[in-house]
Every structure is written in C-alpha cells, then in structure tokens.
Amino acid sequence: MPTYNHERFIAQAIESVLAQQTQYDFELLINDDCSTDNTSKIASEYAKKYPQRIRFFQQSKNQGLLKNYKFLFEQAHGKYIAILESDDVWSNPQKIQKQISFLEDYSEMDEGGNITKDWKKDFDKDLNGDWYESLLLRDHIGALTIVFRRELFDKYCNIDDFIQHNFKTLDYPILLSITAHSKACYIHENLASYRIWGKSISNSSDYEKDVAFQDSIFDIQKYIVDKHGTGKLPFDAISDSSVMIHLMSAMRFGKINDFVRFSKNLKSKELKFRLLRWFPRLWYFQHKIRVGDR
C-alpha cells in the first residue's frame, strides 16, 4: 500500500485489508512517502496494533509513486502480490481468498464512501485469457483489483525502466508486460471500490493533468510495443485508441479547440473516423446535444 497525504481514507483502506478472510497468511506493507498530514501517524498506529499483519515504512524524503512501489516490492516476501492504494478499499472480505490470478470488476465511490457506479463488464468475453491486445487498446483494469504472481513480475517487469521513463502509473505497464506472456482471467463479482475524487491520479478534475496522464498512458503503450510487439493489432489502432481517449476528455472538459486538434491525429480509414477527422466540430456538437438530451 503506497500512501501519501491520505489521512482521510487510509484507515478505511487498512480496515478493508484486515477484514480479509483467508485460509493463508498474508502481510500488508505500507510505505508512507513523507506525508505532510496525519497519514503516517494513522498507519503507524495500525502497524503497532497488528504487528503480525502489517509492516509500516516511512520515507524521510518524497520519492514519488513508482519509487514508492519499488521499495514495497523489494520488501515483499509473498508468492503473490495484490495492489491497493490508500484511497481505495477492498469491499468484499473474500477478495484475496478468491484471487490467485487477476480480476476485473469494481465499483466507484465518492469521497464520502458512497457507491456511485457499479461496473459489470464482459471484458473477458471471447478472449480466452488472452488480454494483451485488448489491454493495449485501453487500460480496462483497476489497479485495486489485480493479483499477480511475483515470479511473473520479476521475470517480465522492469520497474527501473518504468521509473526512468517517468510513467505516471505502475499497474498498466505491469499488466501489459505480464499479459504479453501469460493468460489472465477475472472473477465476475464486485470485490473492490475505486474512489473518485479530485486528487486521483487517473481521474483528475484538472484538464491539463488529465491530458498529461493520458499522454503517459500512450508512452507506456509505445514502450510495451517496443518490448513485446502489438500482437495482431496494427499500431495505428493503438494510436487511434489513445486519440479517442483524448477526444473524450476534451469533450468532457468542453475544450472544443483541443477536440478539433486531436481529431486530426486519427489514422483509421473507417468511415466514422474519417467523418470525425473531416467534421470534428459537427461531431462535437451533435454528441453534446445527444448526451444533453438524456
């Protein structure tokens, strides 16, 4: 559990781990990245209360998310690794008991902990465990839901590379690196809740930060493609997927000029993409009207 300035949420996150009902031992590793609020105090109190279950670490200098993760991986002893950041929760006490592979299914909650959206996707329909190409098109998986074998991480993931490339998230390059070489699956149950709030890295209410995060996602995709290829996908399909995410963001924030600019980067020759490239303003306004009518 990497953490930084999450005093409002970390107790709930820790409690959700302690509530897990398992037939095997597990440990919770918490690394506070030099928080300036009471996050460290709260976490250390839990560690003192549950010394057999929790190991707490505190950095004297802020390292950033990926270096925080690297430190935790270096301390971990388990055969399997599950990710939970300190503003999310595992909402089902059977979660890690049911997981020894991957899962993808989670709900969203607001800052007060109220469930705002339940996700029920047939993400794995017809994939037969081969997720790599689908994940290259878009990161469908919430970090809080995944469990992976430590041996696969050590074999296929180079976290020093991820840090050097200044990736803004860790779970996506891990998922891509592992699914490029291994099958995956998910449990069709709601086992975790992802908190949507203003300071979430991947759900920023700041448009410029949102664009920067999506640019980082594309950097991850390019890095992975260089390492592991595109599978059966043409690279233009991956590029267009990234452009579409930028277009949705521009539309959500009302940035029509950026919407027009991003649309020019579409490569596909499909008619719908041609129309979007040729008539971006028309596309923008008709979509706004259609959504507004709902």
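Residues numbered from 1 in each chain as written. Predicted model: local features only at pLDDT ≥ 70, side-chain atom pairs only at ≥ 80, totals over all residues. Heavy atoms only, no water.

Quick look at the packing of aromatic side chains now. With the rule as written, the count across this model stands at 13 aromatic pairs. Judged by centre distance (6.3 Å) and plane angle (65°), the rings of Phe73 and Phe148 are edge-to-face. Here the residue Phe73 occupies a position in helix α3 (residues 65–75), and Phe148 occupies one in strand β7 (residues 147–149), the gap between them amounting to 75 residues. For the pair Phe73 and Phe148, a shared accessibility class is recorded, and that class is buried. (Phe/Tyr/Trp six-rings, centres within 6.5 Å; stacked < 30°, edge-to-face > 60°. Helix = DSSP H or I, 4+ residues; strand = E, 2+ residues; numbered from the N terminus. Buried < 20%, exposed > 50% of the residue type's maximum accessible area, 1.4 Å probe, protein only.)

Once that is clear, we can look at the pattern of salt bridges. The final tally for this structure, using the stated rule, is 8 salt bridges. Residues Arg55 and Glu27 are paired through a salt bridge, measuring 3.2 Å at the closest nitrogen-oxygen approach. Of the two residues, Arg55 sits in strand β3 (residues 54–58) while Glu27 sits in the loop between α1 (10–18) and β2 (28–32), which places them 28 residues apart along the sequence. The exposure class assigned to Glu27 is partly exposed, which follows from its relative accessible area of 32%. Here Asp210 ties to Arg252 by a salt bridge, and the two come within 3.5 Å at their closest N and O atoms. Note that Asp210 is positioned in helix α9 (residues 207–228) and Arg252 in helix α10 (residues 235–252), a separation of 42 residues in sequence. Classification of Asp210 as buried rests on a relative accessible area of 4%. Accessibility expressed as a relative area gives 53% for Arg252, which makes it exposed. (Salt bridge = Lys/Arg side-chain N within 4 Å of Asp/Glu carboxyl O.)

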